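Observations on the three-dimensional arrangement
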Amino acid sequence: MLPMVVLSKPAMEQLSAATTLFTEVPLIDLSKPDSKNLIVKACEEFGFFKLINHGIPTEFIAKLESEAIKFFSLPLSEKEKAGPLDPFGYGNKKIGHNGDVGWVEYILLTTSNEANYQKFSSIFGEAAEKFRCAVNDYVSAVKKMAYEILEMLADGLKIQPRNVFSKLLMDEESDSVFRLNHYPPCPELHQEMNDRNLIGFGEHTDPQIISVLRSNNISGLQISLKDGNWISIPPDQSSFFINVGDSLQVMTNGRFKSVRHRVMANGSKSRLSMIYFGGPPLSEKIAPLPSLMKGEDSLYKEFTWYEYKKSAYKLRLADNRLGLFEKIAAS
């Protein structure tokens, strides 16, 4: 069995202090006419915002959550039939290939129409189709919302064409993925330790363009502010949270910041989260958009999404994945 990842005492003290901070995370009402400018500001200042009035049908959310809970409630021996990751399927505690572990189990799926649910047929039988439909309905709705957000960002930045970001996710070769994370209760943690001290998913940035997250009504998500302090994000199962990814940071030449975040586990309650990671086609070249440069020098070397993805997943979660692609300023 893999070891639990527990914060050191200094990190625990920092965390304790961080959770007492009150910072107003940007709240975007997608139905308001000024939301595009507020989204740009949120991406510049936080790389993260909370989204309400998003239009995602509540039945899609409830149906997928119900199907996910059914899966994660199965005995481990059953769930493991949907593994190992190759790269899609079921995973438990191991995060990537470089020794990162967390108090988490998960399902990773491609969002293409060719997604293979054969692994789940051996577990769910005929009910596998119900699971597939729940994922497809939810992901289809979330994709449309992601497209809309990216087009609003282009409007807010006053760049053309307005689909300059969204077309990368709409492309039939888009390398987008969908992840269901389950953070089970940890009895040892509940009995012996403060609930905040166990790492569910270690600190990292998302390498893609944009991430769309929702969770059940259990806390755990934290983001890092520019000053390095961590703040806890109050859970809200009816809202979505949007993360700027590394690729969008590069495309905006650092104007938008890819948010560093992590998840803390809970001693007594089960946390479920669903994340759509909107990625470009593997061959897509990622570089600052000329229309945003305005005479500025590029902070990044041009690279393909394949090159960046390959590089990023060779590193540890907490590493600065963009470091290898940053241009060194002339001395």
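Residues numbered from 1 in each chain as written. Predicted model: local features only at pLDDT ≥ 70, side-chain atom pairs only at ≥ 80, totals over all residues. Heavy atoms only, no water.

Per an unreviewed UniProt entry, the chain is named gibberellin 2beta-dioxygenase, and its organism is Olea europaea subsp. europaea. The record held by UniProt for the chain lists under Sequence similarities (unreviewed entry) the comment "Belongs to the iron/ascorbate-dependent oxidoreductase family. GA2OX subfamily." (UniProt positions renumbered as here; feature names shortened; annotations may be inferred.)

It is worth spelling out the environment of Ile233 at this point. With respect to the helices, strands and loops of the structure, Ile233 is situated in the loop between strand S9 (230-232) and strand S10 (240-244). Each residue touching Ile233, except ones within four places of it in the same chain, is listed here: Val25, Phe48, Leu221, Ile223 and Phe241. (Helix = DSSP H or I, 4+ residues; strand = E, 2+ residues; numbered from the N terminus. Contact = heavy atoms within 4.5 Å.)

Okay, the sheet that holds strand S6 (residues 199-204) next. Read from one edge to the other, the open sheet built from four strands follows the order S6-S11-S8-S9, with strand pairing classed as antiparallel. At either end of the open sheet lies a strand with only one pairing partner, and these are S6 and S9. Adjacent strand axes in the sheet meet at a mean angle of 25°, parallel and antiparallel pairs treated alike. Bridge analysis of strand S8 (residues 221-224) against S9 gives three bridges, and the strand direction is antiparallel. Within S9, the residue paired with Gln222 across the bridge is Ser232. (Pairing = 2+ DSSP bridges. Axes fitted to C-alpha atoms, helices over the stretch in contact; angles between N-to-C directions.)

In this section: the pattern of salt bridges. Proximity of charged atoms lets side chains of opposite charge pair with each other. Scanning the entire structure with this criterion turns up 15 salt bridges. Among the ionic pairs, Asp137 bridges to Lys63, the shortest N-O distance being 2.9 Å. Of this pair, Asp137 sits in helix H6 (residues 128-157) while Lys63 sits in helix H3 (residues 58-72), and the two are 74 residues apart along the sequence. Between Glu67 and Lys130 there is a salt bridge, with the nearest N and O atoms lying 3.8 Å from each other. (Salt bridge = Lys/Arg side-chain N within 4 Å of Asp/Glu carboxyl O.)

What follows concerns the nonpolar core. Grouped together as the largest cluster of nonpolar side chains are 69 residues, with contacts concentrated most on Phe120, Phe165 and Phe178. For this core, the element with the most residues is H6, which contributes 17 residues. The contact partners of Phe165, leaving out residues within four places of it in the chain, are Leu150, Ala154, Leu157, Ile159, Leu248, Met251, Thr252 and Leu289. Phe46, Leu108, Leu225 and Ile233 belong to the second largest nonpolar core, which has 22 residues in total. (Core = buried A, V, L, I, M, F, W, Y, C linked by side-chain atoms within 4.5 Å. Buried < 20%, exposed > 50% of the residue type's maximum accessible area, 1.4 Å probe, protein only.)

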